[in-house]
Amino acid sequence: MFPAPVPARLLAALGLVVSVAACSSTPATTATPDTFSVWDPYPQFTAESEWVKTIEKCGTEAGVKIQRQAYDTTDLTSKVLLAAQQRTAPQVLVVDNPVVSTLVEAGVLKANSDVGLDAAQVSPNLVAAGTVEGQTYGVPIGANTLALYYNKAVLAAAGVDPASVKDWDSLNAALAKVKAAGKKGITFSAIGTEEGTFQFLPWFWGAGGKLTDLPSGKAALELWKSWLDNGYAPNSVVNNTQTTSWQEFATGEYAFAENGTWQLGNAKKAGFEYGVIPVPGRTGGTAPAPTGGEFVTVPVQDNKDTEAKAGRIASCLTAPDKVLAADTALTYISAVPSVQQQQVSAQADLAVWVEAVKNAKGRTGDNLGTKYPKISQPLWGAVQAALTGAKAPEAALRDAQAAVK
Amino acid sequence: MRARLAGWAFLVPLVAYLVGCYAYPLFTNVDLSIRGYTVRSFVHGGAPLVGFANYAGVFGDPTFRTALVNTVLFTLVSLFFQYTIGLAAALFFARGFRLSATLRALFLVPWLLPLIVSASTWAWLLNSESGLVNAALKVVGLGPVNWLTSPDWSLVSVTIANIWIGIPFNLVVLYSGLQNIPREVHEASALDGASGWQTFWHVTFPLLRPVSAITLLLGLVYTLKVFDVIWIMTKGGPSGSSTTLATWSYELGFGNMLPRFGPSAAVGNVLILIAVVAGLLYIRLQRRQELA
Amino acid sequence: MRTAVGVLLTALMLFPVYWMINVSLTPLSDMRKAPSLIPVHPTTEGYEQVLREQMPYLGTSLLVALGTVVLTLALAAPAAYSLAKLRPAGRRALGFVLLVAQMIPGIIMALGFYGVYVKLGVTNTVWGLVLADSTIAVPFAVLILTSFMASVPDEVLQAATIDGAGPWRSFVSVVLPASRNGVVTAALFSFLWAWSDFLFAATLDSGGRLQPLTLGIYRYIGNNNQEWNSIMATAVVASVPATVLIVVAQRYVAAGVTSGAVKD
C-alpha cells in the first residue's frame, strides 16, 4: 500500500500544514464518533432543503450529529475509494446504483443484514443493482428511468396518433410522417459516456439483446443508424448529453425525445403540450429501460456500533414516510410500491412512469456486477462508431464484444 | 561562502515546498503504474508489483496510437497558432494607440472564464444543428459541417477552441518581451532604411528569441496537459477521434464506473516523460545559444 | 485608425464571450433553436438566481485567489532572488525540477493532495485549497521572477552591499522594488489560475462550507439537468471583478520577461 504516513509526516515537519487541524473529516478511531458524515450526489440541495432536514432528523433519532456533504456524482466513486483507502469513508453514503457493485467488490460497503437495513419493501427489480452473490447492499432511495416524450402538436400536424406507436415499425412509420410534415423526428443522447449506453439500453434490450453477447442486439443499433441516415434524428445526437437532447426537444420542433423522469418539471415549462409513452420493444410491448437513481448504503467502519447506528440512519432515510419528500424533490419514482400509489394519486401523470419503473431493469443486474462497466464502455464506443459511419453496426458490436473479455 | 549559504537559505522554502507538494503525487503515480490494482486492492492494499505490464498494455492498445498522434497534432497546431496570433497581437498593441491598454486588457477576458464555461460556449457555437458557425456557413452558401460529431472534424474543433483559450497567455508574455527591447534598437534600424518587416525579421524577432523559447516551452507543457476543453466539448469522441493522452488517462481512471488506476497512471507518466524530453531539449538548445 | 482596427480585433476575440452573454439571457425553450445574434426574448431569470445564490461563492473565490497570490509570491520571490543574484550551486538542476513540476497533470496532483488531505483532515478548507492552487503558479512564478530579477544590474547590488546591506535587505529594498513589474505579472497569473481552477476545488473543497465560484456553477449542473442561463450568468458575474482587476493591473505590467528562465 502507499506509505501515506511518511509524506504526511514530512509535510507536517515542513510546517506547511501543522496549524490546519480542522475537523472536517472523521479521523480513523475505534470509538464511535459523535458526528456522522453523510455523502450524497445532490449538490443542488442546499442546507435549507427538505432533504438535508430529513438527514438531520434521522441523525437526531439515532442520537448523533450529522455533517452532510454533497459531491458531484461523476467523481463520487473515486472519492469514496480514496477515502476508504485512508479509512475515512463516510458513515452513510448515497451513491448511484450501478456503482454499488463496484464498491462491494472493493470491500467498501456493509451488507444490509450486518447493519440492520432491510430492502424487503422495495420492488425486486430495483434492488437487483445492489445485490451481489445473494447479499443486498443498501436500499434504493427511489428510481427513475427512460421513456419517450412526445410533442402533441407536432404529432397532430403530421397525422400521427401516439397510441399507434406500439413497436418499432409503427414508430418508424410515425417518424416518416413527421418528417414528411416538415418537422424533426426524434432526439436522444448517444454520447461517448455512460449516458450514451444508458439511452441505448431500452432499444438494445427491446431487440432481445443480451449484455453478455453484444451482437445479439444489433437490430437496435441498425435502428438508430437508420434514423440518422433517413434524417429522422439529428446528427448532433452523437455528442448530445441527455440535457442537450432535451433542449432540442424543448424547441418544439421535434416529435419525440427519449428522456428521463427528471425532465417532468422542465416539460411543464416547455410551453407546449406533451405526452409520454414507454419505449416500445422491437415487436411490441414495453422495452425494459435501465433504472437510474441512488442507493443509501453503509460503508465499512472501524467498529460495529458505528455501523449499526449508520444502519439506523440509512433505514430512516429510506423509510416510506420520509422517502416521499426526497423522491418528490428529485422527481424520482419511489422504490416502494405503496408510496408509488401515493405518488400517482397526488399526480396522475406519474402513472406512466410508475409503469416504466416496474418494467425497468438494473444495469448491473443479471449478476453482471462489476462486469457491467467493462461491457458498457465498449458498447458506447460501438454505438458511436456505427452512428458516425466508421463501422457497420454489426461489425462495431462484434469488435466491442471482442474488447470486453 | 556566506553568499552561497544565503543563496541556499533563500531557496529552502521553495525546495521544501517542491518536496512536500510535488514529490508525493508523483511518487503515487509511479507506484500506481507499476502495480496491478483492482478496486479491492486499491482500498485494502496488497496490489502485486507487475513491473511494466501496465505500460505494455497501454502501448499495445490501439487507442495509444490514435491518442499519441492526436496529442502531437493538437499540441503542435495549437502552439503554432497561439504563438503567431499572440505575437501578431503583441506587435500590434506594442505600437501604442488610444485605448490600446484597455483593449489589451480585454484580450485577457477569455482567461477569466472557467474552462467549463468557455468550452461549453464553443461547443454551443459549433453545434451541428443549432450552432452559429453552421448558420453562418449557410448564409455564405456552404453546407453544414459536423464539427463535433464527425470523426474528421472533432480534433479540429477542439484545437480551435484551445487556440482561442491560449492566445491571452502568449500575448501577455510576448508583449512584456517586446517592451523590454530598447526603443533605440528599432530607431537605429529605421535610420538604416529598413522596412517594418525587415526590422521585425532581422532585429525584433531575434531579440525576442529567449522570450519566445520560454513562451513556447511553457505553452507546450500546458497544452500537453489540456484535458478539460476536450472532455467538455467531445469527451474525446466521437469514437476516440479527439482522444489525447491526457483525456485517455482521465477516461481510464475516472470516465468509467470501474476505475483502472494502473493503466491510467501509466498514460499519465508517458505524458510527463514527453514533457521532460521537451524540457531537456530546451535546455540543450539554450546552452548551445549561450556558447554561440 | 489603429484604434478602429484594435476595437475590431478585440471584438472578434471576445465574440465567444458575447455569445456567452447572449446565452445567459436566453430562455430555456429557445436555446437550441436557430441561433440569433441578439436574445429575442431576453430573460433575466439566470441573473436573478445568480445574484440571489452566488454571492458567497464570489467572496470565497476572491479569498482563495488572493491567498494563492500571497503564498505564491512568498515562496517564489526569495527563491527567484537567490537563483538570479546569489547563484548557488545546483540552480540549473533546480530550474529543471521546476519545469518538470509544471508538467505533472493536474489530476495526478489533485489525487495526491486528496490522499494526504483526507489523512490530515484538511479537506474542504480554504487554506488547503490555497496550498493546492499555488502549485499551478509557483514554478511559473519562480521562472518568470528569476528572469526579471536577473536584469537588475549587479552594480546596484554591489553598491548596496558596500553600504552594509545583507542579502535580505538587498532583496527587500533593492531587488524587489526594481522588479515590480515581474511581481505584478506573477501575481496576475497566479490570481487568474486560482480564480478559474475547477479541478482542485472539485477534488479538495467540494464538501466544504466555503466554496469557490467554479463550484457554485456546478450547482446548476445537476446529475441530469443543466440550467444554462444560470451557468452563463454566473460566468458573466464572475468575470466582472476579475476584469476590473486585470485592467488595473495591466497598467503596471509595462516591462517584461527578459531572458530564458532556466538560464542562470
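- In the nomenclature of an unreviewed UniProt entry, chain C is known as Sugar ABC transporter permease of Lentzea flava.
- Per UniProt, chain C has the following entry under Sequence similarities (unreviewed entry): "Belongs to the binding-protein-dependent transport system permease family."
- We quote the UniProt Subcellular location (unreviewed entry) comment for chain C here in full: "Cell membrane".

- Looking up chain B in an unreviewed UniProt entry gives the name Sugar ABC transporter permease, with the organism given as Lentzea flava.
- Under the UniProt heading Sequence similarities (unreviewed entry), the entry covering chain B gives this text: "Belongs to the binding-protein-dependent transport system permease family."
- According to the UniProt record, the Subcellular location (unreviewed entry) comment for chain B is "Cell membrane".

## So, the overall build of chain B
- Along the backbone of chain B there are 15 helices and zero strands.
- When its C-alpha atoms are laid out on the principal axes, chain B stretches across 75 × 75 × 30 Å.
- Evaluated residue by residue, chain B yields a buried proportion of 59% over its 292 residues.
- Taking contacts inside chain B between residues at least 6 apart in sequence as the whole, the part at least 24 apart equals 68%.
- Carbon together with sulfur atoms contributes 67% to the accessible area of chain B, which is approximately 12,300 Å² in total.
- Counting 17 positive and 10 negative side-chain charges, chain B places the centres of these two groups 7 Å from one another.

## Considerations on the overall build of chain C
- Along the backbone of chain C there are 13 helices and zero strands.
- Along chain C, helices and strands appear, N-terminal first, in the series α-α-α-α-α-α-α-α-α-α-α-α-α.
- Along the three orthogonal principal directions, the C-alpha set of chain C runs to about 75 × 60 × 30 Å.
- For chain C, long-range pairs separated by at least 24 residues make up 76% of all intrachain contacts whose partners lie at least 6 apart in sequence.
- As displayed, chain C offers around 9,500 Å² of accessible surface, 67% of which is attributable to carbon and sulfur atoms.
- Positive and negative side-chain charges in chain C, numbering 15 and 12 respectively, have mean positions lying 7 Å apart.

## Focus: the UniProt feature "transmembrane region" (unreviewed entry) in chain C
- Within this numbering scheme, the UniProt entry marks residues 7-25, 57-81, 93-114, 126-150, 171-195 and 228-249 of chain C as carrying the feature "transmembrane region" (unreviewed entry).
- Taken end to end, residues 57-81 of chain C is 100% helix and 0% strand, and its two terminal C-alpha atoms sit 36 Å from one another.

## A word on the pairing of strand β9 (residues 254-260) of chain A
Residue and element names in this part refer to chain A.
- Counting buried residues along β9, seven of its seven residues qualify, which places the element largely inside the surrounding structure.
- Here strand β7 (residues 146-151) pairs with β9 via five bridges, running antiparallel. Across the sheet, residue Ala147 finds its bridge partner in β9, namely Asn259.
- Of the pairings in the sheet, the one linking strand β8 (residues 184-187) to β9 comprises three bridges and is parallel in character. By the bridge assignment for β9, Thr187 is matched with Ala257.

## Quick word on the UniProt feature "transmembrane region" (unreviewed entry) in chain B
Residues and elements named next belong to chain B.
- Under the local residue numbering, the UniProt record ascribes the feature "transmembrane region" (unreviewed entry) to residues 72-93, 105-125, 153-175, 211-233 and 261-283.
- Split by type, residues 105-125 is 81% helix and 0% strand. Its first and last C-alpha atoms lie 24 Å apart.
- Taken as a whole, residues 261-283 contains 100% helix and 0% strand, while its terminal C-alpha atoms sit 33 Å from one another.

## Here we look at the sheet that holds strand β6 (residues 139-140) of chain A
Residues and elements named next belong to chain A.
- If you walk across this open sheet you meet the five strands as β2-β1-β3-β11-β6, and the pairing is mixed. In this open sheet, the two strands that pair with only one neighbour each are β2 (65-70) and β6.
- Pairing between strand β1 (residues 35-40) and strand β3 (residues 92-96): two bridges, direction parallel. Of the residues in β3, the one forming a bridge with Trp39 is Leu93.
- Contacting β1, β2 and β3, helix α2 (residues 50-62) crosses the sheet at an angle of about 150° to β2.
- The strands touched by helix α4 (residues 97-105) within the sheet are β3 and β11 (294-297), with β3 carrying the most contacts at an inclination of about 120°.

## Here's the deal with the interface of chain B and chain C
- Listed by partner, the interface residues are 82 residues for chain B and 90 residues for chain C.
- Across the chain B/chain C interface, buried area totals approximately 8,100 Å², and carbon plus sulfur atoms make up 78% of it.
- Per-residue buried area on chain B facing chain C is highest for Phe10, Leu112 and Trp124 of chain B; these three make up 11% of the total on that side.
- In this assembly, chain B and chain C are joined by zero salt bridges.
- At the junction of chain B and chain C, the tally comes to seven residue pairs in polar contact (both at pLDDT 80 or more).
- Sorting elements by how many residues they give to the side of chain B that touches chain C places helix α1 (residues 2-33) of chain B first, with 19 residues.

Analysis parameters
- Residues numbered from 1 in each chain as written.
- Chains lettered and ligands numbered in written order.
- Predicted model: local features only at pLDDT ≥ 70, side-chain atom pairs only at ≥ 80, totals over all residues.
- Heavy atoms only, no water.
- UniProt positions renumbered as here; feature names shortened; annotations may be inferred.
- Helix = DSSP H or I, 4+ residues; strand = E, 2+ residues; numbered from the N terminus.
- Buried < 20%, exposed > 50% of the residue type's maximum accessible area, 1.4 Å probe, protein only.
- Contact = heavy atoms within 4.5 Å.
- Areas by Shrake-Rupley, 256 points an atom, 1.4 Å probe, with all protein chains shown as cover.
- Lys, Arg positive; Asp, Glu negative; His and termini not counted.
- Charge placed at Lys NZ, Arg CZ, Asp CG, Glu CD.
- Pairing = 2+ DSSP bridges.
- Axes fitted to C-alpha atoms, helices over the stretch in contact; angles between N-to-C directions.
- Buried area = accessible area lost by both parts, 1.4 Å probe.
- Salt bridge = Lys/Arg side-chain N within 4 Å of Asp/Glu carboxyl O.
- Polar contact = N/O pair within 3.5 Å; in protein donor to acceptor, adjacent residues only side chain to side chain.

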